Amino acid sequence: METNKKTSRNKMIVSGIVPFIFIILMMAYIFGPGADLLDLGVPLPEITIEKVDFVKSEIHVTVRNTGPIPVQISMADVNDRIQPAAIEPDKFLERYETALVRIPFEWNEAEPYIIGLTTDDGVRFEKQINAAATALQPNIEFVAFFAIIGTYVGVIPVMIGLLWLPFIKKISKSKYHFFLALTTGLLLFLGIDSVKEAFDVSSENLSGSFNGELLIATTLVLSFLGLYYASEKLTGKADSLKISKPVAIGLMIAIGIGLHNFGEGLAIGAAIGLGSIAFSTFLIIGFALHNTTEGLAIAAPLSRGKLMVGKLIMLGMIAGVPAIFGGWVGGFAYSPFSAVIFLSIGAGAIFQVIVIILKWIREEGEKNLSSASVVSGFAIGMLIMYATSILI
Amino acid sequence: MVCLLLLVIGVSTIMVFPIFSNAQSEQKTFVTHSGVIVRTSGEIIDPLYTVSTVDFDPDKFLRNFEYGVVSYSETGQTIRDYTIIAEDDKIQEISPGVFYNVWTFNGTVPGPTIRATEGDLVRIHFINNGSKSHTMHFHGIHRSEMDGVFEIVGGGGGKFTYEFEAGPVGVHPYHCHVMPLEEHIVHGLYGVFIVDPKEGRALADEMVMVLNGFDTDFDAENNFYAANTIPFYYQHHPIQINTGELIRIYVVNMVEFDPVNNFHLHGNLYQYYPTGTDLVPSFYTDMITLSQTERGIMEFQYDFPGKYLFHAHKVEFSEKGWLGLFLVKNNSKSEVNNGN
């Protein structure tokens, strides 16, 4: 019996491995030495200028090889005029490798520039900067500056939103469902907003080789699934963890919003870093107004539990503080790739929270989502967000 | 929750950290176009052509004139025989690190400077070793069948002999005239044809400058401009001349795509002979504008030693390579390269 079991087990392993062997053989046949089956066409080099920083008397250009073959960077230009430059660590870029091109250039504040790089086959790639502005240095001043902005954008509005809690506590059940639905409306808008932002960043700054659209889809779904699984565990174990179910849901909402706010912080930091100062002022005002609704979203489920000020503040912090980190990362170390990733994670987190709230409304309420209070709440949530978003 | 917070802090620290750790050892230095010295730990990407990387030597080309194999007819006419081979498979480093498929006459862009005296019989034994059809079309006076337009010479060893009497006096371009014409010209199938007057010109330090450009990314705009092919070459390798010595430059504009090119000389003015057909100068100026294949002869001499720029005053062209220096030395006694 024992040996029988063993052989059948071995058979199973072998039968699982056999297809892999054939895959390897197939790859060897297609790509291996001497295989000229796919030797068609000319692979074209491609590079992407991911970031341009204006520092004293120099322009720093971060370039990535986003093509199918290694490339050599041969020349740099500013506004289509050739400039001697340095490239660190070296001019040979393997696939996906990055390098820093330093172009000595006395640039003028707030003027637009087009930065070009030419590869060894003579093809020029360029990137336009709308307004040159000194790159932010991660010194104490700017770290504090972003912390303050993050507080204004993330922490304070969320805390203000939480002040609706006593109000929501006193209202009837159907009105309460209205506010829960309003929350989902708000969140759905935020989720769509994050996805849109991710697509924008991807199409503007991310090379096609990253397959941005599918990167967003994949990250979003993974984030959704991961947090969904985690939240099921959390709400399931709520009793043993000595937290009530409303607090567990509030926590999941706070985490989702926190990830979203990290994305917002990135956007603000990047806008300041890229020199769109006026734009970032609008962003800050818009986000601040917008984000008070996020406090409401956290407050709504919590209103059915005991009022615990400490926990409430904690949730507010979880939702709001990531805006500060986002500002630092966006301002000092912006990369389109990480921005897309964070925005997608944030979107996944928010969609996950929406599903949880809807489930909760169903369990709590009349087992349906088509009551007047739910539908109108949802709709008004979207409308409020749209109205405040116009301010951005 | 705490984990999440730690994760966020961790990620942001990792992303910000590289900025703090940039203090590497810096070794190499280079000089910018505005004279600033910059240090780097990496490599320098600068259009600075060094002799070891030259496929084509602009210094050699500058003062090189091909007079052909000389013989005389029974009537005493000078016959000059040239062999010109066209190719279209060469990859040349036309600027440091930038490689471009040049189409060549006798292996270089521009092709050899063909020089004869008015009335000489010029015989060009043309061999097309390229993969495409090519011809040689000379600007000047000749019979219809010697015009290099309808007598297409096939690739892979096709042959044709162009035969005509050198004339009129002046400086003329020659180029391939196979369609699509622009493509054949911009790839480099052009050169200079000089016809000297019978009585000769005054003794001078003579040079030839072909103003050309390269569209390396095929967007119908030039990426590089130069006098004699290599961008910035004469800036890094100044042309040495002497005070009090007559300088004569045969200038031919072969730039495509851009409607004009021009030639500005610093610290001096030149006598200008449009197309070189007249022996009396038309202008005394420091700035001449040239359209496609427009050309002329410039004569000047410097009284003061030092470095003098010459460049396109269409500054875009000069910032993309059409810029050079004369290094004028205070030395009246020197070799005068006047060819024959």
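The rules behind each value
Residues numbered from 1 in each chain as written. Chains lettered and ligands numbered in written order. Predicted model: local features only at pLDDT ≥ 70, side-chain atom pairs only at ≥ 80, totals over all residues. Heavy atoms only, no water. Phe/Tyr/Trp six-rings, centres within 6.5 Å; stacked < 30°, edge-to-face > 60°. Helix = DSSP H or I, 4+ residues; strand = E, 2+ residues; numbered from the N terminus. Buried < 20%, exposed > 50% of the residue type's maximum accessible area, 1.4 Å probe, protein only. Lys NZ or Arg CZ within 6 Å of the ring centre and 35° of its normal. Contact = heavy atoms within 4.5 Å. Buried area = accessible area lost by both parts, 1.4 Å probe. Salt bridge = Lys/Arg side-chain N within 4 Å of Asp/Glu carboxyl O. Polar contact = N/O pair within 3.5 Å; in protein donor to acceptor, adjacent residues only side chain to side chain. Nonpolar A, V, L, I, M, F, W, Y, C, P; charged D, E, K, R; others polar. Pairing = 2+ DSSP bridges. UniProt positions renumbered as here; feature names shortened; annotations may be inferred. Axes fitted to C-alpha atoms, helices over the stretch in contact; angles between N-to-C directions.

Peer 1: Can you help me understand the packing of aromatic side chains in this one?
Peer 2: In this structure the tally under the stated criterion is 30 aromatic pairs over all chains. With 5.8 Å between their ring centres and 40° between their planes, F54 of chain A and Y113 of chain A make a pair best called tilted. Taken together, the residues span a long stretch of sequence, with F54 of chain A in strand β1 (residues 47–55) and Y113 of chain A in strand β8 (residues 113–119) at a distance of 59 residues. For F54 of chain A, a relative accessible area of 3% gives the class buried. Within the aromatic cluster, the residues linked to one another by ring pairs are F263, Y270, Y272, F283, F300, Y302, Y308, F310, W322 and F326 of chain B. Over the ring of F65 of chain B we find R115 of chain B; its NZ or CZ atom is 4.6 Å from the centre of that ring.

Peer 1: Looking at this structure, how should I read the interface of chain A and chain B?
Peer 2: It is common to report an interface's size as the accessible area lost on association of the parts. Facing 42 residues of chain A, the contacting portion of chain B comprises 37 residues. Counting each side, the surface lost to burial between chain A and chain B is near 3,400 Å², with a carbon and sulfur contribution of 69%. When the buried surface of chain A facing chain B is broken down by residue, R81, I82 and P84 of chain A rank first, second and third, together holding 18% of it. At the boundary of chain A and chain B, one finds one salt bridge. Residues D80 of chain A and K320 of chain B are paired through a salt bridge, measuring 2.7 Å at the closest nitrogen-oxygen approach. Counting across the interface, chain A meets chain B through eleven residue pairs in polar contact (both at pLDDT 80 or more). Top element by residues in the side of chain A that touches chain B is strand β3 (residues 71–78) of chain A. It accounts for five residues. In the side of chain A that touches chain B, the residues fall into 25 nonpolar, seven polar and ten charged. Summarising the sheet, strand β5 (residues 85–88) of chain A and strand β3 (residues 43–45) of chain B pair through three bridges and their orientation is antiparallel. Residue pairing for β3 of chain B: A85 of chain A is matched across the bridge by I45 of chain B.

Peer 1: Explain the UniProt feature "binding site: Cu cation" (unreviewed entry) in chain B to me, please; I cannot follow it from the model alone.
Peer 2: Residue and element names in this part refer to chain B. Summarizing the sequence annotation, UniProt attributes the feature "binding site: Cu cation" (unreviewed entry) to H134, H139, H175, C176, H184 and H313 in the numbering used throughout. As for its placement among the helices and strands, H134 is situated in the loop between β8 (121–128) and β9 (137–138). Taking the relative accessible area as the measure of exposure, H134 reaches 0% and is therefore buried. If we ignore the near neighbours within four places in the chain, the residues touching H134 are A86, D88, W103, F126, N128, V153, C176, V178, H184 and L189. When its relative accessible area of 0% is taken as the criterion, C176 is described as buried. Apart from residues no more than four positions distant in its own chain, C176 is found in contact with F105, H134, T135, L181, H184, I185 and L189.

Peer 1: What should I look at first to understand the environment of S376 of chain A in this one?
Peer 2: Assignment of secondary structure puts S376 of chain A in helix α11 (residues 372–389). Each C-alpha atom, one on S376 of chain A and one on G185 of chain A, is 9.6 Å from the other, the two residues being 191 residues apart in sequence.

Peer 1: Would you explain the sheet that holds strand β15 (residues 239–242) of chain B in this entry?
Peer 2: Across a sheet, paired strands are connected by hydrogen bonds in the backbone, their directions being either parallel or antiparallel. Residues and elements named next belong to chain B. One open sheet holds the five strands; their spatial order is β15-β23-β22-β17-β20, and the pairing between them is mixed. Each of the sheet's edge strands pairs with one partner strand only, and the pair in question is β15 and β20 (287–290). Each adjacent strand pair in this sheet contributes to an overall mean axis angle of 25°, direction not counted. Pairing between strand β17 (residues 261–265) and β20: four bridges, direction antiparallel. Within the sheet, the bridge partner assigned to H264 lies in β20 and is M287.

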